[in-house]
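# Inside the fold
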Amino acid sequence: MRYRLALLTTAFLIVGTAAGQTPASVKVRALEPQARDLERLNLTVAWRMYLPLNNGGDTVSVVQPDADRAYVQLRSGLLLAIQAYANPKSFRKPGDIIWQYQPHQFAGTPMPVAVISKLAEIEGRLKPVAEVFAVFGQQLVVLDAADGKMKYTEELPSTASAGPIADEDKVYIPLDNRRIICYSHQRFIPGYAPRKKIVYPDPVRNVNLANEPASELSTTANRSPSVAGLKSLRPPFTPADSIDISPSVSGLKNFVPPYQSYEGNRSPSVVTMKSLNNIYQQTSLTASTRIKRLWDVAISGKVTDTPVLFSRDDAVQYHSGDIPDQAEMVLTSSGRSVITMPASSIGSNSIRSEYFSPAEISAPLTHHKDYLYVCTADASVVCLNINQLTDKAMARSLLPRGKFTAGGPVEQKPLLVDDSLYVIGSRWGLIRLKKSSLEPMWAEITPDGRTRTLPNESVTKVLAANSRYVYGLNRAGALLVLDARRGTTLSTFDISAFNVPVVNERNDRLYLAAPNGLLLCLHDRNLVVPQRWLVGNRDVEKALNEIPKKDGDMPEPKKGDAEPKKDPEAKKDPEAKKDPEPKKEEPKKE
């Protein structure tokens, strides 16, 4: 009898386990929510698309919303730029793939990219240029944000431990060897625009009489431009008329005269050169597209998060964006310490100040103006003054502006929205705090006059938020729609098939990504225009219009600006303007 009972118990356990678990060979197919479910959630689909996966093992790894785009990286290393919402200047539809870039060799974990907009001098005029800085393993790749073409690639001393961050002059990358390295890109990669091909046809022979520039030899399809058709390596680059049209460069030590023979590597590569216009002046150390290494600094512990950039001018005048145009200080965390260092240095940098928290820092740093939010493992969130933190004398004894104690360790980066800060405590729930004082906004007053915090215990991860609703996930992978004012759960929907969480810190759009390549963008039915929380760096097109056209000229006043007052003209006597008539001389009498 006991034997039969044991057999029945084992059979029930096997059946229950098989029913509760999904075999590894079975892939869950994510489907778009139905119209009635979206109406119940008060959501609508802005756009949908299937990402081009390379094979069965490829999947979505990183989805990074940014301005009017969304950058998506796959496990295979493919980087895609997708139009997030309609842009009347580019005439692109939401969900269109703007460009895609596939690295030649990729191994490691995909990292978030850094996007920067700046003004660059192109053909003697200032034009807005946007660049994308991506890290693939031990390679730093600089891409043109307009078309995705590679401008330059640089080999890092070590693999990156987190994504890069950039301003208009520099790019900062944390490395696995406990260092932060900084490169300058303002002077060496100012941006470029493809030139139009000028054709002068001969009406008799129908032959193109225009010079063949060497820059035409380098294209995106052919990254190894050939010099076989050139007569010489000195400009002007004209085609050779002889039979031998293959000038050899294998015996040259470099491209700088005098040309000396070299017994080592007899094949200097010209693959990394964007053009061959100044090939006789370029070497591996003085190429025009090479970024310059400025400094690196050693950190006592490993840096696992992207650093934070701060500028005092942007803290006072918060008009240029969340990323300063030219950073003054770089802030990072390691272990229990918050480290600050100057952004401008040559060679090796040094630590300016260091602040020690009571417990280990458990989440990435978040900042707004001169407010820095630090989350620790002892369930505390403190707000520090960055101006006082950068002072070496005040850093060690710095008192926080505000402090909040959650019911569990804060292991996720807080979501900064307008005037609020959403914080999740492990095994405790989600709470909404005031941005300046860290006072809880979801609370009630007890009969004895005390304030009682009311967190939402069901939320384990916050995805996006707007002025009315907050979107998060629970432990089962279901979508929760919360009331932003009270924090109560309004509706739920199962999205366990979309198991790639996407946290949107830029605007109120909700992104859902699935392993099969399905990417959805949802938003509130009443909010057609996105509510932007972080705007990146300054608007370069607006800054371009404010620059005087000539020396001494002032920018044109806007329509809303008041015109300068004119001085009233003084009243003058009309007769005073006339010159007095000369007196006629009378003839003298003899």
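See the structure printed just above.
Residues numbered from 1 in each chain as written. Predicted model: local features only at pLDDT ≥ 70, side-chain atom pairs only at ≥ 80, totals over all residues. Heavy atoms only, no water.

Before going further, it helps to spend a moment on the overall build of the protein chain. Across its full length, the protein chain holds seven helices and 33 strands. The buried share among the 590 residues of the protein chain stands at 44%. Nonlocal contacts in the protein chain, meaning residues at least 24 apart in sequence, comprise 50% of its contacts between residues at least 6 apart. Carbon and sulfur atoms form 51% of the exposed surface of the protein chain, whose accessible area is close to 34,400 Å². (Helix = DSSP H or I, 4+ residues; strand = E, 2+ residues; numbered from the N terminus. Buried < 20%, exposed > 50% of the residue type's maximum accessible area, 1.4 Å probe, protein only. Contact = heavy atoms within 4.5 Å. Areas by Shrake-Rupley, 256 points an atom, 1.4 Å probe, with all protein chains shown as cover.)

Moving on, we come to the nonpolar core. Among the nonpolar cores identified, the biggest contains 29 residues, and F404, Y422, V423, L430, I431, L438 and V470 are the most heavily contacted of them. Secondary structure elements with two or more residues in this core: β20 (371–375), β21 (380–385), β23 (415–417), β24 (420–425), β25 (429–434), β28 (461–465) and β30 (478–483). With four residues, the top contributor of residues to this core is β24. Each residue touching L430, except ones within four places of it in the same chain, is listed here: Y422, V423, I424, W442, P455, N456, V459, V470 and L482. Residues I495, F498, A514 and L520 belong to the second largest nonpolar core, which totals 22 residues. (Core = buried A, V, L, I, M, F, W, Y, C linked by side-chain atoms within 4.5 Å.)

Attention shifts here to the packing of aromatic side chains. Across all of its chains, the model carries seven aromatic pairs by this definition. On the numbers, 5.9 Å between centres and 85° between planes, the contact of F106 with F136 is edge-to-face. Of this pair, F106 sits in the loop between β5 (97–101) and β6 (114–122) while F136 sits in strand β7 (residues 125–136), and the two are 30 residues apart along the sequence. Here F106 matches F136 in class, with each residue buried. Considering the side-chain rings of Y172 and W295, the 6.1 Å spacing of their centres and the 45° angle between planes classify their relative orientation as tilted. Here the residue Y172 occupies a position in strand β11 (residues 170–174), and W295 occupies one in strand β13 (residues 292–298), the gap between them amounting to 123 residues. For the pair Y172 and W295, one class covers both residues: buried. (Phe/Tyr/Trp six-rings, centres within 6.5 Å; stacked < 30°, edge-to-face > 60°.)

A few words now on the sheet that holds strand β1 (residues 43–50). Strand order in this open sheet of three strands is β1-β33-β32, and the pairing throughout is antiparallel. The outermost strands of the open sheet, each flanked by one partner alone, are β1 and β32 (510–513). Mean inter-strand twist for the sheet, computed between neighbouring axes without regard to direction, equals 20°. With seven bridges joining them, β1 and strand β33 (residues 518–524) adopt antiparallel strand pairing. Looking at the pairing, M49 lines up with L519 of β33. (Pairing = 2+ DSSP bridges. Axes fitted to C-alpha atoms, helices over the stretch in contact; angles between N-to-C directions.)

Within strand β8 (residues 139–144), five of the six residues are buried, leaving the element largely enclosed by the surrounding structure. Bridge analysis of β7 against β8 gives six bridges, and the strand direction is antiparallel. Residue pairing in the sheet places V132 in a bridge with L143 of β8. Where β7 folds back on β8, the antiparallel hairpin that results is connected by two residues, among which G137 adopts a positive phi of roughly 70°. Pairing analysis gives five bridges linking β8 to strand β9 (residues 150–155), with the strands arranged antiparallel. The residue of β9 that forms the bridge with L143 is M150. Linking two consecutive strands that pair antiparallel, namely β8 and β9, is a turn of five residues; a positive phi of about 80° is found at G148 within it.

Bringing the pattern of salt bridges into the picture now. Oppositely charged side chains are able to pair whenever their charged atoms sit close together. Taken as a whole, this structure holds 16 salt bridges when the rule is applied. E32 is the salt-bridge partner of R48, the closest N and O atoms lying 2.7 Å from each other. Pair noted here: R48 is in strand β1 and E32 is in the loop between α1 (2–20) and α2 (35–41), with a separation of 16 residues, a long-range link. When its relative accessible area of 46% is taken as the criterion, R48 is described as partly exposed. In this structure, a network of salt bridges that share partners links the residues R179, R293 and D296. (Salt bridge = Lys/Arg side-chain N within 4 Å of Asp/Glu carboxyl O.)

Summarising the element assignment, D167 is placed in the loop between β10 (165–166) and β11. K170 provides the closest opposite charge to the buried, unpaired D167, separated from it by 4.8 Å. Polar contacts involving the side chain of D167 include one to the main-chain amide nitrogen of K170, which spans 2.6 Å. Engagement of the side chain of D167 in a polar contact is seen with the side chain of Y172, the distance being 3.5 Å. (Lys, Arg positive; Asp, Glu negative; His and termini not counted. Polar contact = N/O pair within 3.5 Å; in protein donor to acceptor, adjacent residues only side chain to side chain.)

The bulk of non-glycine residues show a negative phi, and the bulk of peptide bonds are trans. Phi at N42 takes a positive value of approximately 60°, unusual for a residue other than glycine. Notably, D418 is not glycine yet its phi reads approximately 50°, a positive angle. Within the element layout of this structure, D418 appears in the loop between β23 and β24. The class for D418 is exposed, based on a relative accessible area of 52%.

In this fold, Q73 is placed in strand β3 (residues 69–74). A polar atom in the side chain of Q73 sits 2.3 Å from the backbone oxygen of M111. Those residues in contact with Q73 that lie beyond four places of it in its chain are V60, S61, V62, L78, L79, P110, M111, P112, V113 and F136.

A word on the environment of K403. Looking at the secondary structure, you find K403 in strand β22 (residues 402–405). Sequence-wise, K403 and E439 are 36 residues apart; in three dimensions their C-alpha atoms are separated by 8.2 Å.

Burial analysis of β30 places six of its six residues in the buried class, the great majority of the element. Because side chains alternate across β30, one face comprises the buried residues A478, L480 and L482, and the other comprises L479, V481 and D483, equally buried. Where strand β29 (residues 469–473) and β30 come together, five bridges link them in antiparallel fashion. Bridging from a neighbouring strand, Y469 pairs with D483 of β30. Count of turn residues in the β29/β30 antiparallel hairpin: four residues, of which G477 carries a positive phi of about 85°.

Below, the discussion takes up the sheet that holds β24. Spatially, β23-β24-β25 is the arrangement adopted by the three strands of the open sheet, whose pairing is antiparallel. Edge positions in the open sheet fall to β23 and β25, since each of these has one partner strand only. Between one strand axis and the next, the sheet turns through 25° on average, direction left out of account. Bridge count between β23 and β24: three bridges; the pairing is antiparallel. Residue pairing across strands places L415 opposite Y422, the latter belonging to β24.

Moving on: the environment of N526. For N526, the location among the structural elements is in the loop between β33 and α6 (540–545). It is 8.8 Å that separates the C-alpha atoms of N526 and L43, two residues lying 483 residues apart in sequence. Apart from the residues within four sequence positions on either side, N526 is in contact with N42 and R468.

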